[in-house]
2 protein chains.
Amino acid sequence: MPQQNASSSSPHVIEQIAIGDELLRGLVVDDNSAWLGREVASLGLEIAHRQVVADRIDDIVAAYRLAASRSTWVVVSGGLGPTVDDLTAEAAATFLGEPVALSSTALEQIGAWRAARAQLDKTAPASLQSLDEKQAWLPASADVLLNPVGTAPGFRIRSGDTTFVHFPGVPREYKKLAQLHFLAPLRDAVLSDGGSPPLSRTWKFFGLTESAVAEHVNALFGPGRQDDLTLHYRAHFPEIHLTIVTRSSDRVAALERHIMGDSRVRHRLFGEGETSFAGALLDTLIGRGETLAVAESCTGGLIGQLLTTVPGASRAFMGGVIAYDNAVKTALLDVPPTLLATHGAVSRECAEAMARGARARLGTTWAVAVTGIAGPGGGTADKPVGTIHFAVASAHDVHHRSVTLPFERDRNRLASAYGALDLLRRQLASPVQSPSPTP
Amino acid sequence: MPQQNASSSSPHVIEQIAIGDELLRGLVVDDNSAWLGREVASLGLEIAHRQVVADRIDDIVAAYRLAASRSTWVVVSGGLGPTVDDLTAEAAATFLGEPVALSSTALEQIGAWRAARAQLDKTAPASLQSLDEKQAWLPASADVLLNPVGTAPGFRIRSGDTTFVHFPGVPREYKKLAQLHFLAPLRDAVLSDGGSPPLSRTWKFFGLTESAVAEHVNALFGPGRQDDLTLHYRAHFPEIHLTIVTRSSDRVAALERHIMGDSRVRHRLFGEGETSFAGALLDTLIGRGETLAVAESCTGGLIGQLLTTVPGASRAFMGGVIAYDNAVKTALLDVPPTLLATHGAVSRECAEAMARGARARLGTTWAVAVTGIAGPGGGTADKPVGTIHFAVASAHDVHHRSVTLPFERDRNRLASAYGALDLLRRQLASPVQSPSPTP
């Protein structure tokens, strides 16, 4: 994918060091580093290097030496806890050639956090615990960095032109401390260096491949690198997210016009920024005062799951029927046994009957239905694995669509759930669609 | 967590180098590296170092120099594709001080893959494509490594005592090539070095914390490191997986007896190895010739989704009702409106009525129901966020359980889905439970 780079001349060379045997052993996946990469990109900068290091003093010190030789900011995570495997402070002191010392500031912060915690949770201890003190032993020259959401404080050290910031590896604490003690000062430094803050905008698509989005964007900006903008493509199956980072509002506006100017692209855009696919659809329904039911066969509850992940979904989503077995399609959705015998459960007729049945039984404005063959088994020559039928019922009519999906079971199911909701989304977006009264 | 190390004296020092701007920008999460870490651990070895490097020749060469100075095996991923950002072969040649050359072996492999692919998919081209040749330009001294599942071949180079193997970053191709060209020869080397292959066994728990599992294990092996075994704890919310890697079958047998000897631990064990939580329950039901329905309120379809992730779930799982709105609880599950008015939807009475209703409507052996408050809104002083009621109905009776979960919305929902299925799992495991006829 074309990656265009706006930050090659930045004075900030940023490096990550993640410490922990559990990372190298694959027992946890390091989401913190990916998150920080995206946050840094939104400032128009990039992470230049990343090292993952075992819980061994010598290895940690070697990683610090390498980072100090090439980077201006080093974000270190992990190894700040109270156990014998937590060696980061000792390694940092060794690297600096200084002793560790008990920081009274750190100790006070831990004590204050314990006291505050005990106020909220009566079962939590209000005073310092036996292992707390270890977390207050820091390199003698370190600055303590407040941790408002946990016991282990962060700390900052400097060596030559390089600043090292240290945060706990627990994601909630890592993100909070990184925001407070790294991203905020970095943003200030970017602003004082260069003037205008970079703009960042993200568009989210369903039903287009990453290549198709990139081709469309290249038709505007050309396929090469551009000095004044960075483009990111993120595949979050089955969604594609496009982000532009630039200091030029003209560039953002041009890209927006370019997306909105092509109906094949515009119709696949479901939201921007933090909007989720299901959340956008629910917002539309809530705004129209309409309600939704689902009838799920091959998705087995996944559509309901996607919708109810959104807090407040109950304002539009009433529920539905998981009709995995054919008998349930008849008993709870009124699909006639003769229809099933004639056309089979994986058919346009069945999908439409499921949607009508769910809408009638639940008394909603709309119902979506899906029936298909997710695989790996169950395919035939006529109806291969990946054959999926969708239907959307309203008071006026029933819309149908079918696809043949090329993925394995999990992705076929996820794409099916999206496809069913997308059929409704596009109908709601259509200008000829009049609001339907609840029956 | 205590980590015990069986491999400190190994002659194999293994390093990973992952290449790609998209990794540093957080646009993809590097699951390959975590997977390889677990595979290496199952051989009784460990990854010593990991570097993540941008798509820049100088940076890649520097990473190779560092790796050659400290490691015996280096597994490199990414940058083997056909675009201008794919620089790995050029960087490897620069590191070796040799030219890149067109490999006829690589070109033949790519041609053979195209021809084979076209046999399977009539829309795929049968001959070499314009960008294919770039992937056959490799360092002059490289050995080509067959890629049976994609176009880009892997390759191997040597520098002093260090062997570098290169695989594409696409997960399916990475894993296939890593198995063939790294893990298999590494396993052979371990065997020829040392004798018996290490044994690996994994136990999976629901309803115990990682600390509780570790405490139980420490009561057997002690909290310190042991020379002849390695223990891994992996938190895969809400499951905890415990793996032992050792060359001693006595150690494995001792741990199994220790787990089975404590009923509090044994009752929380749901499976071993690749078994999934839902899969284990479905296997039990299929073995008994029994069927299951679900009635979901706060989980909104998630229980059905977990069950139907398992291929062949239809042999026991019939379907169910997503009763998100109270009207659906009455219309499709026959929960009396007076019950809802008296006790509320989040109550023992409602959960039991939902389970009975689902079982009667779907005609199954068993039905599980869940109703609760996942948050963030909806809590009251009496029924705070996290209050969840489960019920399991059979022909004989209805069992109930309630919990107050401490997580945020997503985890409260996931733990609720598990909790509902676990109530059934434990009932099926109970020796007093007689098989129930389908009504």
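Residues numbered from 1 in each chain as written. Chains lettered and ligands numbered in written order. Predicted model: local features only at pLDDT ≥ 70, side-chain atom pairs only at ≥ 80, totals over all residues. Heavy atoms only, no water.

Enquirer: Describe the overall build of chain A, and please don't skip the residues or the numbers.
Expert: When helices and strands are tallied, chain A shows 15 helices and 17 strands. Its C-alpha atoms put chain A at 85 × 55 × 45 Å along the principal axes. Classification of the 439 residues of chain A by burial places 56% in the buried group. Considering only contacts within chain A whose residues lie at least 6 apart along the sequence, 69% involve residues at least 24 apart. For chain A, the computed accessible surface area is about 17,700 Å², with 52% contributed by carbon and sulfur atoms. In chain A, 40 side chains carry a positive charge and 45 a negative one; their mean positions are 7 Å apart. (Helix = DSSP H or I, 4+ residues; strand = E, 2+ residues; numbered from the N terminus. Buried < 20%, exposed > 50% of the residue type's maximum accessible area, 1.4 Å probe, protein only. Contact = heavy atoms within 4.5 Å. Areas by Shrake-Rupley, 256 points an atom, 1.4 Å probe, with all protein chains shown as cover. Lys, Arg positive; Asp, Glu negative; His and termini not counted. Charge placed at Lys NZ, Arg CZ, Asp CG, Glu CD.)

Enquirer: Describe in detail a nonpolar patch on the surface, supporting the description with residues and values.
Expert: Residue and element names in this part refer to chain A. A surface patch of nonpolar side chains, amounting to about 230 Å² of accessible area, comprises Val-100, Leu-102 and Trp-137. Structurally, the position occupied by Val-100 is in strand E4 (residues 100-102). Here Val-100 falls in the partly exposed class, since its relative accessible area comes to 33%. (Patch = residues over 30% accessible without salt bridge, like charges linked within 9 Å, V, L, I, M, F, W, Y side chains within 5 Å. Salt bridge = Lys/Arg side-chain N within 4 Å of Asp/Glu carboxyl O.)

Enquirer: Break down the domain arrangement of chain A for me, citing the residues and quoting the values.
Expert: Residue and element names in this part refer to chain A. The domain architecture assigned to chain A consists of domain 1 (14-194), domain 2 (199-272) and domain 3 (277-429). Taking the mean C-alpha position of each, domain 1 and domain 2 sit 35 Å from one another. Each partner contributes residues to the interface: domain 1 has six residues there, and domain 2 has five residues. For the domain 1 and domain 2 pair, buried surface summed over both sides reaches about 400 Å², with 55% attributable to carbon and sulfur atoms. (Domains from an automatic or database assignment. Buried area = accessible area lost by both parts, 1.4 Å probe.)

Enquirer: For the pattern of salt bridges, give the residues involved together with the corresponding values.
Expert: All told, the structure shown has 32 salt bridges over all chains when counted by the stated rule. Salt-bridge contacts for Glu-256 of chain A lead to Arg-201 of chain A; the nearest nitrogen and oxygen are separated by 2.7 Å. Taken together, the residues Glu-256 of chain A in helix H8 (residues 249-260) and Arg-201 of chain A in strand E9 (residues 199-206) connect sequence positions 55 residues apart. Its relative accessible area of 23% is what places Arg-201 of chain A among the partly exposed residues. As a salt-bridge pair, Glu-290 of chain A and Arg-288 of chain A come within 3.1 Å of each other at their nearest N and O atoms. Using a relative accessible area of 28% as the deciding quantity, one classes Arg-288 of chain A as partly exposed. When salt bridges that share partners are traced, they join Arg-25, Arg-56 and Asp-59 of chain A together with Glu-46 of chain B into one network.

Enquirer: Go over the sheet that holds E9 of chain A with me, naming the residues and quoting the values.
Expert: All names here are of chain A. The strand order across the open sheet built from four strands is E10-E11-E9-E12, with neighbouring strands paired in antiparallel fashion. Two strands in the sheet have a free side with no partner beyond their single neighbour: strand E10 (229-236) and strand E12 (269-272). Between one strand axis and the next, the sheet turns through 20° on average, direction left out of account. The pairing of E9 with strand E11 (residues 239-246) spans eight bridges and is classified as antiparallel. (Pairing = 2+ DSSP bridges. Axes fitted to C-alpha atoms, helices over the stretch in contact; angles between N-to-C directions.)

Enquirer: Explain the relation of the copies chain A and chain B to me, and be specific about the residues and the numbers.
Expert: Rotating chain A by 180° and translating it 0.1 Å along the rotation axis places it on chain B, where the RMSD comes to 0.1 Å. Here the transformation between the copies is reduced to the relation of a two-fold axis. Residue by residue, 100% of the interface of chain A is reproduced at the interface of chain B, so both copies engage with the same surface. (Least-squares fit on C-alpha atoms with pLDDT ≥ 70 in both.)

Enquirer: Explain the side chain of Arg-268 of chain A to me, using residue names and the numbers behind them.
Expert: Residues and elements named next belong to chain A. By secondary structure assignment, the location of Arg-268 is in the loop between helix H9 (263-266) and E12. Judged by relative accessible area, Arg-268 falls into the buried class, the value being 16%. At 3.3 Å, the side chain of Arg-268 forms a polar contact with the side chain of Asp-422. The contacts of Arg-268, once residues within four sequence positions are left out, are Lys-204, Phe-205, Phe-206, Gly-207, Leu-208, Asp-422, Arg-425 and Arg-426. (Polar contact = N/O pair within 3.5 Å; in protein donor to acceptor, adjacent residues only side chain to side chain.)

Enquirer: Quick one: what's the story with helix H3 (residues 57-70) of chain B, residue by residue and with numbers?
Expert: One turn of an α-helix holds 3.6 residues; hence residues three or four places apart share an orientation. With 14 residues, H3 of chain B ought to run about 20 Å at 1.5 Å a step, and its terminal C-alpha atoms sit 21 Å apart, in line with that. Among all positions of H3 of chain B, only Asp-59, Ile-60, Val-61, Ala-63, Tyr-64 and Ala-67 of chain B are buried. (Expected span 1.5 Å × (residues − 1).)

Enquirer: Mind laying out the packing of aromatic side chains, listing which residues take part and the relevant values?
Expert: Aromatic ring pairs are defined here through the distance separating the ring centres and the angle between the ring planes. Across all of its chains, the model carries 24 aromatic pairs over all chains by this definition. Ring plane angle 75° and centroid distance 5.3 Å describe the contact between Trp-73 of chain A and Phe-182 of chain A, whose orientation is recorded as edge-to-face. With a gap of 109 residues between them, Trp-73 of chain A in strand E3 (residues 73-77) and Phe-182 of chain A in helix H6 (residues 171-194) connect regions that are remote in the sequence. Note on accessibility: Trp-73 of chain A and Phe-182 of chain A belong to one class, buried. Between Phe-270 of chain B and Phe-277 of chain B the ring centres are 5.0 Å apart and the planes differ by 85°, which places this aromatic pair in the edge-to-face class. Exposure class is identical for Phe-270 of chain B and Phe-277 of chain B. Each is buried. (Phe/Tyr/Trp six-rings, centres within 6.5 Å; stacked < 30°, edge-to-face > 60°.)

Enquirer: Now, about the environment of Ser-211 of chain A: what can you tell me, with residues and values included?
Expert: Along the chain, Ser-211 of chain A turns up in helix H7 (residues 210-221). For the pair Ser-211 of chain A and Ile-240 of chain A, spaced 29 residues apart in the sequence, the C-alpha separation amounts to 9.9 Å.

Enquirer: Explain the interface of chain A and chain B to me, and be specific about the residues and the numbers.
Expert: If you look at the interface, chain A gives 62 residues, while chain B gives 62 residues. When the two sides are added together, the surface that chain A and chain B hide from each other amounts to roughly 5,200 Å², 51% of it contributed by carbon and sulfur. Among the residues chain A hides against chain B, the three largest losses belong to Arg-25, Leu-27 and Arg-50 of chain A. Together they make up 15% of the total. At the junction of chain A with chain B, the criterion picks out four salt bridges. Here Arg-25 of chain B and Glu-46 of chain A are joined by a salt bridge, their closest N and O atoms 3.5 Å apart. The tally of links from chain A across to chain B stands at 28 residue pairs in polar contact (both at pLDDT 80 or more). The class makeup of the residues in the side of chain A that touches chain B is 28 nonpolar, 18 polar and 16 charged. Two elements, strand E2 (residues 47-53) of chain A and strand E2 (residues 47-53) of chain B, share five bridges in a ladder whose sense is antiparallel. Bridge pairing links Arg-50 of chain A to Val-52 of chain B in E2 of chain B. (Nonpolar A, V, L, I, M, F, W, Y, C, P; charged D, E, K, R; others polar.)

Enquirer: Would you mind going over the environment of Leu-145 of chain A in detail, with residue names and values included?
Expert: With respect to the element layout, Leu-145 of chain A can be found in strand E6 (residues 143-145). When residues no more than four places from it in sequence are discounted, the contact partners of Leu-145 of chain A are Gln-109, Pro-153, Gly-154, Phe-155, Arg-156, Val-165, His-166, Phe-167, Leu-177 and His-181 of chain A.

Enquirer: Which residues make up the confidence of the model for chain A, and what are the values?
Expert: Residues and elements named next belong to chain A. Taken as a whole, chain A shows an average pLDDT of 91; of its residues, 95% reach a score of 70 or greater. Predicted confidence for residues 1-8 stays below pLDDT 50, and this span has 38 contacts to residues more than four positions away or in other chains. Taken over the whole predicted complex, pTM reads 0.86, whereas the ipTM for its chain interfaces reads 0.86. (pLDDT = per-residue confidence, 0-100.)

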